[in-house]
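Listed here are the chains, written in short residue letters.
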Amino acid sequence: MINSKKAESDYPISNIIANRWSPVSFSAQAVEQEKINSLIEAARWAPSAFNEQPWQYIVGIKGDETHQKLVDTLAEGNDWAKDAPVLMCSVAKSFFDHKHKPNRHYMHDTGMATMNLVLQATELDLITHQMAGFDLEMIKKTFNLDEGFEPASMIAIGYAGDPKSDDMKTRDEAPRQRKNHSDLIWK
Ligand SMILES: Cc1cc2nc3c(=O)[nH]c(=O)nc-3n(C[C@H](O)[C@H](O)[C@H](O)COP(=O)(O)O)c2cc1C
């Protein structure tokens, strides 16, 4: 089991940021409800444009109907995520309640809330892995999303476990890749 793949940062960064990574090997160990509450609470305290807080989470716990419904939407390449004891799908609201105007920050803000959530998970010794590979239309249909509500990302959450295949082992052992620090400065 690989418990940590800490970022080898060029400059000092917070341990929580360095320790978060996206493994594919999850243990069957259930996640305590208090920890799930803390994850949603962390998302709750994210900043947002006009404090609109345009995010919500569909929460599936392994064994319940919602978890299975979320599993059914996963792309083939994300099959490993079916073993994660918690699956969440973030839902982003694309309009402001005030005058029903479009909110161009809705995905940005929902992403920030999810970053809060995954960093909180890291602090609670949980692993997380976000995914874009799932069927958006199926989510909308299955969970009755009204117009203007968009699935943003799927998040697998749980405790680190042993890889169930060589491919999973290879993925989890691969070095982490990043652009160079200087590439982030606009030229
Ligand atoms: C919005 C989003 C979508 C992603 N989609 C997938 C996905 O469908 N499948 C997958 O295995 N990983 C997915 N990832 C994980 C990224 O590949 C991963 O975050 C990236 O390679 C950096 O690795 P790290 O998270 O371990 O630092 C996604 C991450 C994000 C934030």
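Here the structure is a predicted model, which means the values were calculated and not measured.

So, the pattern of salt bridges
Piece 1. Under the defined criterion, the tally for this structure stands at ten salt bridges.
Piece 2. Here Glu41 ties to Arg44 by a salt bridge, and the two come within 2.6 Å at their closest N and O atoms. Taken together, the positions of Glu41 and Arg44, both in helix α2 (residues 33-44) and three residues apart, correspond to about one turn of that helix.
Piece 3. Here Glu41 falls in the partly exposed class, since its relative accessible area comes to 35%.
Piece 4. Residue Lys140 pairs with Glu137 through a salt bridge whose shortest N-O separation is 3.6 Å. Here Glu137 and Lys140 lie together in helix α5 (residues 136-142), a separation of three residues that amounts to about one turn.
Piece 5. One salt-bridge network, held together by shared partners, links Asp79, Lys82, Asp83 and Lys164.

What to know about the layout of surface pockets
Piece 1. The space that makes up the largest pocket amounts to roughly 730 Å³.
Piece 2. Lining of the largest pocket is provided by 19 residues; of these, Ala7, Glu8, Ser9, Arg178 and Lys179 occupy positions nearest its centre.

Topic: the site of the ligand
Piece 1. Around the ligand, a shell composed of 13 residues is seen, among which Ser22, His129, Ala132, Arg171 and Arg176 lie nearest.
Piece 2. Between Gly133 and the ligand, the recorded distance is 3.0 Å, taken from a backbone N or O atom to an oxygen atom.
Piece 3. Surface burial for the ligand is 61%, taken as the share of its 610 Å² of free accessible area covered by protein chains.
Piece 4. Sort the elements by how many residues they give to the shell around the ligand and strand β3 (residues 127-131) lands first, with three residues.
Piece 5. Taken together, the residues of the shell around the ligand break down into four nonpolar, five polar and four charged.

Notes on unusual backbone geometry
Piece 1. The residue Asn51 is not glycine, and still its phi comes out positive at about 50°.
Piece 2. If you trace the backbone, Asn51 turns up in the loop between α2 and β1 (55-61).
Piece 3. Positive phi values are uncommon outside glycine, yet Gln53 reaches one of about 50°.
Piece 4. Position of Gln53 among the secondary structure elements: in the loop between α2 and β1.

Notes on the side chain of Thr128
Piece 1. In this structure, Thr128 sits in strand β3.
Piece 2. In contact with Thr128, not counting residues within four places along its chain, are Arg20, Trp21, Ser22, Pro23, Val118, Ala121, Ile155, Ala156 and Ile157.

Definitions and limits used
- Residues numbered from 1 in each chain as written.
- Predicted model: local features only at pLDDT ≥ 70, side-chain atom pairs only at ≥ 80, totals over all residues.
- Heavy atoms only, no water.
- Salt bridge = Lys/Arg side-chain N within 4 Å of Asp/Glu carboxyl O.
- Helix = DSSP H or I, 4+ residues; strand = E, 2+ residues; numbered from the N terminus.
- Buried < 20%, exposed > 50% of the residue type's maximum accessible area, 1.4 Å probe, protein only.
- 1 Å grid on protein atoms, 1.4 Å probe; cavity = no way out; pocket = protein on both sides within 12 Å on 5 of 7 lines; lining within 4 Å.
- Points joined across faces, edges and corners; volume = space filled by probe spheres on them.
- Near = heavy atom within 4 Å.
- Polar contact = N/O pair within 3.5 Å; in protein donor to acceptor, adjacent residues only side chain to side chain.
- Areas by Shrake-Rupley, 256 points an atom, 1.4 Å probe, with all protein chains shown as cover.
- Nonpolar A, V, L, I, M, F, W, Y, C, P; charged D, E, K, R; others polar.
- Contact = heavy atoms within 4.5 Å.

By themselves these figures say nothing about function.
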